[in-house]
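# Fold and geometry: a report
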Amino acid sequence: MYKETTEKETTKKLLEFIRLSPDCFHAVKTITDTLKNEGFEELFEHESQSLKNGGKYFVTRNASSVIAFCVPEGEYTGLMITSSHSDSPTYKIKPEPVVSDGMYARLNVEGYGGMNAASWLDRPLGVSGRVAVKTKNGAELRLVNIDEDMLVIPSLAIHMNRKLNDGYAYNAAKDMLPLSGTDPDAFMKRVADAAGARAEDIISHDLFLYNRTRGSIWGAENEYFSSPRIDDLQCAYASLEAFISSKPTNALKLLCVFDNEEVGSGTKQGAKSTFLPDTLLRINSALGYGAEKLCRASSSGFMVSADNGHAVHPNHPEFADKTSRPVVNGGVLIKHNANQRYTTDAVSDAIFKTICSRAGVPYQYYTNRSDIPGGSTLGNLANEKLSLNTVDIGAAQLAMHSAYETGGVKDTLYLVRAMTEFYSSEIDISAGGFNIL
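Description of the structure in this document. (Residues numbered from 1 in each chain as written. Predicted model: local features only at pLDDT ≥ 70, side-chain atom pairs only at ≥ 80, totals over all residues. Heavy atoms only, no water.)

### Overview of the sheet that holds strand β18 (residues 389-394)
An order of β1-β2-β3-β13-β4-β14-β18-β16-β17 is seen for the 9 strands of this open sheet, with the pairing classed as mixed. The sheet is open, and its two borders are formed by β1 (41-43) and β17 (363-366), each paired with just one other strand. Geometrically, the sheet is characterised by an average inter-axis angle of 25° between neighbouring strands, direction not taken into account. With 6 bridges joining them, strand β2 (residues 56-61) and strand β3 (residues 65-70) adopt antiparallel strand pairing. Residue pairing across strands places F58 opposite A68, the latter belonging to β3. With respect to the sheet, helix α9 (residues 409-423) is in contact with β4 (79-85), β13 (252-258), β14 (302-306), β16 (332-335) and β18, its orientation differing from that of β4 by roughly 150°. (Pairing = 2+ DSSP bridges. Helix = DSSP H or I, 4+ residues; strand = E, 2+ residues; numbered from the N terminus. Axes fitted to C-alpha atoms, helices over the stretch in contact; angles between N-to-C directions. Contact = heavy atoms within 4.5 Å.)

Dropping the structure here:
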């Protein structure tokens, strides 16, 4: 059970959560380990499901997305859902991983998502993900995490590129290959050791690079923190803590953490997939209700799509909107976009602002500068398969998609408080307005 802590203590817990979650698979393991410790029962999609009132459950897909839910003691009256994502921009190791020229052994990688390439140079890097290990009749999937300074992507010395500081376009096939050593066979041997297997028994793998630099709290008054993967593990962590600590209601409460947001969510485990509607249909059926029940609950249901947004940059304030100018530590972002890249409208905006006010949490607006298009996130994509009133929120941060991002020490606790109030509430939405119970 989550217990209220100070801003600094909450940030330290977030940084530990991030440390344990170097990739999407480990992020989901960190979440499911927490859920198991809180008494949640694991379900499996390939098995029939039997649910009971008052039960707590979770189900994963691809081991990289997870949906947890709490069934109320009586008939459920609505849906209260949060969604965040488990993945972050990085480099994925290709199936034939090693490039060797007789002098150096390097890894053949390609970019996953839209990362700041320069931020990955000259840093100690680890390798994590999963491997398929050959068994007598098939394969076993195993997580691996080589949590040591194993790789570096060396930058080209400025003496060899005198115009480097004038701007440089990094080539992922040439500039971004990490140096792993001299022996071309050593890398897969290390992966096999981490998996407790022989190198010849590794059939396939989903392996990623990660920045091993630990997160830290800093600033003249310790008001900032920096870490890898703040986007979106900050929201995933806050949603999990709120979900666990919220008080019981008559609503069906769901925590969703999806993979592949950084590459468009169009996968079997992404926000655009059938994972959420499949799960809701099966819950509804296992509880003995018909399709009409789920349709009615969805019409008054509510989703919080939680994914971070940009703070006004201290050195480049000109890239922010003219009036929406959020700051780190300024409160929860409520994100708007006229083209519905963010799903917030007048109804969902008013609902979430009311929830923040009840929680005693400040809020601020984020909109893109009108001539700079922004990316999409989870809410609008999930709504392609399941129509729900949805608000897009997040925390304000700097250096999004860098290998080392920066956020505010106050903001994680703001997120936890706001989403705890959300999960502890019930929302009745009609054509004429809404009530929050």
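### Quick notes on the packing of aromatic side chains
Counted by the stated rule, this structure contains 12 aromatic pairs. For the ring pair Y342 and Y366, a centre distance of 6.3 Å and an interplane angle of 65° mean the geometry is edge-to-face. You can see Y342 sitting in the loop between β16 and α7 (346-359) and its partner Y366 sitting in strand β17, a full 24 residues away along the chain. For the pair shown, Y342 and Y366 are each scored as buried. (Phe/Tyr/Trp six-rings, centres within 6.5 Å; stacked < 30°, edge-to-face > 60°. Buried < 20%, exposed > 50% of the residue type's maximum accessible area, 1.4 Å probe, protein only.)

### Looking at empty space enclosed by the protein
The final tally for this structure, using the stated rule, is 1 cavity of 30 Å³ or more. Looking at the largest cavity, its volume works out to about 50 Å³. If you go around the largest cavity, the residues you meet are L43, E45, Q49, V59, F69, D278, T279 and R282. In terms of residue count, the dominant contributor to the lining of the largest cavity is helix α5 (residues 275-286) (3 residues). Classifying every residue of the lining of the largest cavity by side-chain character gives 3 nonpolar, 2 polar and 3 charged. (1 Å grid on protein atoms, 1.4 Å probe; cavity = no way out; pocket = protein on both sides within 12 Å on 5 of 7 lines; lining within 4 Å. Points joined across faces, edges and corners; volume = space filled by probe spheres on them. Nonpolar A, V, L, I, M, F, W, Y, C, P; charged D, E, K, R; others polar.)

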